[in-house]
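Structure at a glance
Residues per chain are reported as follows:
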Amino acid sequence: MESFPNYLRAEGLSAGTVRVYQSIRKRMGEQAPESFLRKNLRYVPSGTATTYRAAVKHVIRWRGGDPDEYKLPRGRRRKRKLRHPLDADALEAYTAALSDVCDPCATLLALLPRTGLRVSEACQLRPGDVQVRRKVRGLRVRGKGSHERFVPLDDKAQAILDDYLDRHEYDDGYLFRGRRGHITPGRVRQVTRQIGEGIGATVSPHV
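Residues numbered from 1 in each chain as written. Predicted model: local features only at pLDDT ≥ 70, side-chain atom pairs only at ≥ 80, totals over all residues. Heavy atoms only, no water.

**A closer look at the overall build of the chain**
- When you go through the chain residue by residue, the secondary structure sums to 9 helices and 5 strands.
- Written out in order from the N terminus, the α and β elements of the chain read α-α-α-α-α-α-α-β-β-β-α-β-β-α.
- In terms of overall dimensions, the chain is more spread out than a globule: its C-alpha atoms have a radius of gyration of 21 Å, far above the 17 Å expected for 207 residues.
- Relative to its 207 residues, the chain shows a buried fraction of 38%.
- In the chain, 56% of the contacts between residues at least 6 apart in sequence involve partners at least 24 apart.
- When the accessible surface of the chain is totalled, it reaches about 13,400 Å², and 47% of it is carbon and sulfur. (Helix = DSSP H or I, 4+ residues; strand = E, 2+ residues; numbered from the N terminus. Rg over C-alpha atoms; globule rule 2.2 N^0.38 Å. Buried < 20%, exposed > 50% of the residue type's maximum accessible area, 1.4 Å probe, protein only. Contact = heavy atoms within 4.5 Å. Areas by Shrake-Rupley, 256 points an atom, 1.4 Å probe, with all protein chains shown as cover.)

Right, here's the structure in full:
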């Protein structure tokens, strides 16, 4: 039988996720999925509960079963905080504030509202991800679970990107470089919070 870590890798999961799921599988042992989750989800945060459930579902599939045949506990539900997008005036102020931000953050943050990318996806982009498909220019994006999708660019987004590409030379590295490879999502969030403080609005890459 294929090892559980090898099964997870074949499913396209990242190395970090494989380590976490393997740890959960070891704790689970031969326990029934439902009873294992009931014992472990009682007091954990909702995010951890989601991880446990996902790991157990993979264990069931790895053993040849179907997760839908089990009544798996969900744990405590997370209270979702509603996040409001920027209105037209705040977005205009945000865009103007980018003129005081250094690249690559300035270009990356200018593209986010026009592409809907997650900040982690944008940070991982490479020059070769700028592509033309069926006469449409856009970005090849690697999302969660290593799934790829194509994000078209409107005229303004293309102009922002082209201006950035004209001012930088690239090899096979990252499109938005930092000191250690690509710029980090944490750095982008830090800059975004600073912009928000300057324009008097609550701003994050997701917003």
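Now that the structure has been shown, the text picks up again.
**Brief notes about the pattern of salt bridges**
- As enumerated under the stated definition, the model contains 8 salt bridges in all.
- A salt bridge links Asp129 to Arg140; the nearest nitrogen and oxygen atoms lie 2.8 Å apart. Here Asp129 is found in the loop between helix H7 (119-123) and strand E1 (130-133), whereas its partner Arg140 is found in strand E2 (residues 136-142), with 11 residues between them in sequence.
- For Arg167, the salt bridge is made with Asp163, and the minimal N-O distance between the two is 3.1 Å.
- Residue classification places Asp163 among the partly exposed residues on the basis of a relative accessible area of 41%.
- Salt bridges sharing partners connect three or more residues here, namely Asp103, Asp163 and Arg167. (Salt bridge = Lys/Arg side-chain N within 4 Å of Asp/Glu carboxyl O.)

**Topic: the sheet that holds E1**
- The strand order across the open sheet formed by 3 strands is E1-E2-E3, and the pairing between neighbours is antiparallel. One side of each edge strand has no neighbouring strand; the edge strands of this open sheet are E1 and strand E3 (148-152). Strand-to-strand twist in this sheet, taken as the mean axis angle between neighbours without regard to direction, amounts to 45 degrees. (Pairing = 2+ DSSP bridges. Axes fitted to C-alpha atoms, helices over the stretch in contact; angles between N-to-C directions.)

**Observations concerning helix H9 (residues 185-199)**
- Over its 15 residues, H9 runs 21 Å from end to end, which matches the ideal 21 Å to within 8%, given 1.5 Å per residue.
- Pro185, Val188, Val191, Thr192, Ile195 and Gly196 are the residues of H9 that are buried. Seen from one end, H9 has its buried residues packed into an arc of 145 degrees, which puts them on one side. Set apart from the buried face of H9 by more than 90 degrees, the exposed residues are Glu197 and Gly198.
- The inward-facing, buried residues of H9 contact helix H5 (88-97), helix H6 (105-115) and H7.
- Phi for Gly200, located one or two positions after H9, is positive at around 70 degrees. (Expected span 1.5 Å × (residues − 1). Arc of directions from axis to C-beta.)

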